[in-house]
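What follows is each chain in one-letter form.
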Amino acid sequence: MAPIDPHSYTDSTNPLATHLSLTLFISFPTSTISATALLTLPIPFSGPLLLDTRSLSISSVLHPQTLTPIPFSLSPTIDPIKGQLLTLTLTGQDSILITYSTSPDSSALQWLNPSQTASKTHPFVYTQCQSIHARSVFPCQDTPAARLRFSALVNLPHPLSSVASAPKTFPDPRPPNPNESRGAVSDDLWCMPGRCVEEFSSEFPVPPYLFALAAGRLGSREVGSRTMVYAEAEGEVLGAAAKEFAGVEEMVQAGEGLFGPYEWGRFDLLVLPPSFPYGGMENPLMVFLTPTVIRGDGSGAQVVAHELAHSWTGNLITNKTNEDFWLNEGFTTYAERRIVEVVQGEERAALNIGIGWKGLNADVERFKDNMEFTKLKNKQEGIDPDDIYSNVPYEKGFQFLWRIERQIGRAKFDEFLKKYIVTFKFQSIDTEMFIEFLKENVPGIEKDIDLDQWVYGTGIPPDALEPVSNIYTKIVSLSNEFRLGRMPTEDEVAYWSGQEWELYLENLPKTSEASQVTALDACYHLSESKDWEVKVVFLQLSISCGCKNYFGEVEKTLKEVGRMKYLRPLYTALVQGAGKEEEKILAKRLFMEARESYHPIAQGVVESILLKHA
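Residues numbered from 1 in each chain as written. Predicted model: local features only at pLDDT ≥ 70, side-chain atom pairs only at ≥ 80, totals over all residues. Heavy atoms only, no water.

(A) Spatial organisation of the overall build of the protein chain. If you tally the helices and strands in the protein chain, you get 20 helices and 18 strands. Its C-alpha atoms give the protein chain a radius of gyration of 24 Å, within 12% of the compact-globule value 25 Å for 614 residues. Expressed as lengths along the three principal axes of its C-alpha atoms, the size of the protein chain is roughly 80 × 60 × 50 Å. When each of the 614 residues of the protein chain is scored for burial, the buried share is 62%. Of all intrachain contacts in the protein chain linking residues separated by at least 6 positions in sequence, the fraction that spans at least 24 positions is 73%. As displayed, the protein chain offers around 23,300 Å² of accessible surface, 53% of which is attributable to carbon and sulfur atoms. Charge-centre separation for the protein chain: the mean point of 54 positive side chains lies 1 Å from the mean point of 77 negative side chains. (Helix = DSSP H or I, 4+ residues; strand = E, 2+ residues; numbered from the N terminus. Rg over C-alpha atoms; globule rule 2.2 N^0.38 Å. Buried < 20%, exposed > 50% of the residue type's maximum accessible area, 1.4 Å probe, protein only. Contact = heavy atoms within 4.5 Å. Areas by Shrake-Rupley, 256 points an atom, 1.4 Å probe, with all protein chains shown as cover. Lys, Arg positive; Asp, Glu negative; His and termini not counted. Charge placed at Lys NZ, Arg CZ, Asp CG, Glu CD.)

Here is the structure:
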């Protein structure tokens, strides 16, 4: 017996479940879901079946046909990363019905009261299961090595509606029926007045972290032949999102031209409330997005390009464990930039690469005391993947693939990518499987590229490449001139969008004079930018340079959004370094006041920053 994943109890002797059928009774007053999970195995199995859980209360485990009890036990200790082990003792069963309920402190679920939503009258709930949080929504083999087909019955209060990472069986909510909850709650509760049921079912086998569900007062707008944008029905977000993402179909078609058919049917988008901890989450058929990607000029669609690219690299082919996370994100970053190049041009793709290059160098510096996490393939035993989330798997992974492309030429690399996708689609693979496939299909590649250094070596290999383009070179040059006291002129920045400003600010020295930073803002009002990427990079710079007159804007920002891309650098800038007692006091106060508005994953990330530095 041996675990197959450092973040899961799943045992190598156990068959991996192939289907999960859920009944979910959403209770906003208690911030819980009462539920059943019907797990189907590929073969009858006898012996201990090990499942992952976190903050779940298990009521019963039954054989679904006979309703006879199946012995089960929960481990007396709870691992701080893996959670609590649920052991079922099977005697030839191939399906198991588990009755359970979630906890209000589930790490995957954020419950928003009406005051935290756009409507101010209806509550909202959503899941975020990556990397290892599905186990706090349902008991499962919570490893990307397992791939499940999902179905679900969702019982929720009218007039709310729900969306999921699976198509609806029927377009409209229906009344609850007796005897369909499988014991999740009594029929009196299931069928109580004011409740409705929605059904979801998907034919695609996906890892547990790609399960997604959201429920609230939702509206929708069609923006393409296979794309609907969803958001809260009240407020301005839905209309702004529909406008921002009007070009999504062009991106889907570009992806198909590059990487082969789009296998999933629909490509719908849900813009969540501002507390959503990521820029986007690639849930199949229903991408989740932060409202901070809506910039008003269509450039936020680049986040969508990344999540779209996951439809081929990440969702279709998945890393077997989080130690191989670069297989998801490095490939997807490469694919995203190819899509952007087709739709928006080479210069825009070069800007993306330049911003990524800066981020990669920053994160290699961040891990200077633990270079293990600058490797593409790294060891994560005893490590929470949320704690080491960084640009490395994205940008070093991109650089590795870009290096292969430069070696063999784009045409051959495109041919290789399509074959890779066809060969491994709907499978979970590890780094070694990819390297073997690479060597088989590109004979002699190991003689031209030091594959071991790229995959198992620390830091940035010497044959990685900083991008070269006219606009990139010009912006970096202007950043260097800032060190000498010269700001860019209005003519020089007249046609800059958010990405140009982001690249410029990222390249300014963090030791600039406070007066210089203040003067730059006086000219270009960066602290008030509607582009969150620009605003946050500027605020991070202002903190590092000791501009305390921006603390008010920092406070407003940290209380307004929960995206970890913004929380992590701003809290870190406040508390990192010597002589920052005032900043540390501010950071602790802000987190105490804003904590409940952050998703549980984001709460944990900020807590670890404060614990380390403050």
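Moving on from the coordinates now.
(B) How the structure looks around the UniProt feature "binding site: Zn(2+)" (unreviewed entry) in the protein chain. Look at the UniProt record and you will see "binding site: Zn(2+)" (unreviewed entry) annotated at His 306, His 310 and Glu 329. Taken along the chain, the residues just named run across 24 residues; in space they keep tight, none of their C-alpha pairs more than 9.1 Å apart. On the secondary structure map, His 306 appears in helix H4 (residues 301-309). Filtering out sequence-adjacent residues up to four positions away, His 306 remains in contact with Glu 329, Thr 332, Thr 333, Glu 336 and Tyr 394. Among the secondary structure elements, Glu 329 is positioned in helix H5 (residues 326-344). The class for Glu 329 is buried, based on a relative accessible area of 1%. Aside from chain neighbours lying at most four places away, what touches Glu 329 is Glu 282, His 306, His 310, Pro 393 and Tyr 394. Polar contacts involving the side chain of Glu 329 include one to the side chain of His 306, which spans 3.0 Å. (UniProt positions renumbered as here; feature names shortened; annotations may be inferred. Polar contact = N/O pair within 3.5 Å; in protein donor to acceptor, adjacent residues only side chain to side chain.)

(C) The UniProt feature "active site" (unreviewed entry) in the protein chain, seen in detail. Mapped onto the present numbering, the UniProt feature "active site" (unreviewed entry) falls on Glu 307 and Tyr 394. Spatially, the listed residues are clustered: although they cover 88 residues, their C-alpha atoms lie within 12.8 Å of one another. Structurally, Glu 307 can be placed in helix H4. Those residues within four positions of Glu 307 in sequence are excluded, and the remaining contacts are Gly 280, Met 281, Glu 282, Val 287 and Leu 289. When you line up the elements, Tyr 394 lands in helix H7 (residues 392-408).

(D) Examining the side chain of Ser 161 more closely. Position of Ser 161 among the secondary structure elements: in strand E9 (residues 161-164). Assessed through its relative accessible area of 16%, Ser 161 is described here as buried. Here Ser 161 is in contact with Leu 156, Glu 198, Ala 214, Ala 215, Gly 216 and Leu 218, once residues within four sequence places are set aside.

(E) Seen up close, the packing of aromatic side chains. Using the criterion set out here, one finds 44 aromatic pairs in the structure. Ring geometry for Phe 331 against Phe 434: centres 5.3 Å apart, planes inclined by 85°, an arrangement best described as edge-to-face. Placement of Phe 331 in helix H5 and of Phe 434 in helix H9 (residues 431-441) is noted, with a sequence separation of 103 residues between them. Relative to Phe 591, the ring of Tyr 571 lies with its centre 6.2 Å away and its plane at 85°, an arrangement referred to as edge-to-face. Remark: Phe 591 occurs in helix H19 (residues 581-594) and Tyr 571 occurs in helix H18 (residues 564-575); sequence separation between them is 20 residues. Owing to a relative accessible area of 7%, Phe 591 belongs among the buried residues under this scheme. Over the ring of Phe 25 we find Arg 195; its NZ or CZ atom is 4.1 Å from the centre of that ring. The ring of Trp 402 has Arg 406 sitting right over it, with the charged end atom 5.0 Å from the ring centre. (Phe/Tyr/Trp six-rings, centres within 6.5 Å; stacked < 30°, edge-to-face > 60°. Lys NZ or Arg CZ within 6 Å of the ring centre and 35° of its normal.)

(F) Structural view of the state of the cysteines. According to the stated counting rule, one finds 0 disulfides in the structure shown. The thiol of Cys 196 is not disulfide-bonded; the next cysteine sulfur, from Cys 191, is found 12 Å away. Looking at the unpaired Cys 545, the closest cysteine sulfur is the one in Cys 547, lying at 5.8 Å. (Disulfide = S-S within 2.5 Å.)

(G) Seen up close, the sheet that holds strand E7 (residues 124-127). Strand order in the open sheet made by the 4 strands is E6-E7-E11-E9, with antiparallel pairing throughout. On the outer flanks of this sheet lie strand E6 (109-112) and E9, each paired with one strand and no other. Each adjacent strand pair in this sheet contributes to an overall mean axis angle of 10°, direction not counted. (Pairing = 2+ DSSP bridges. Axes fitted to C-alpha atoms, helices over the stretch in contact; angles between N-to-C directions.)

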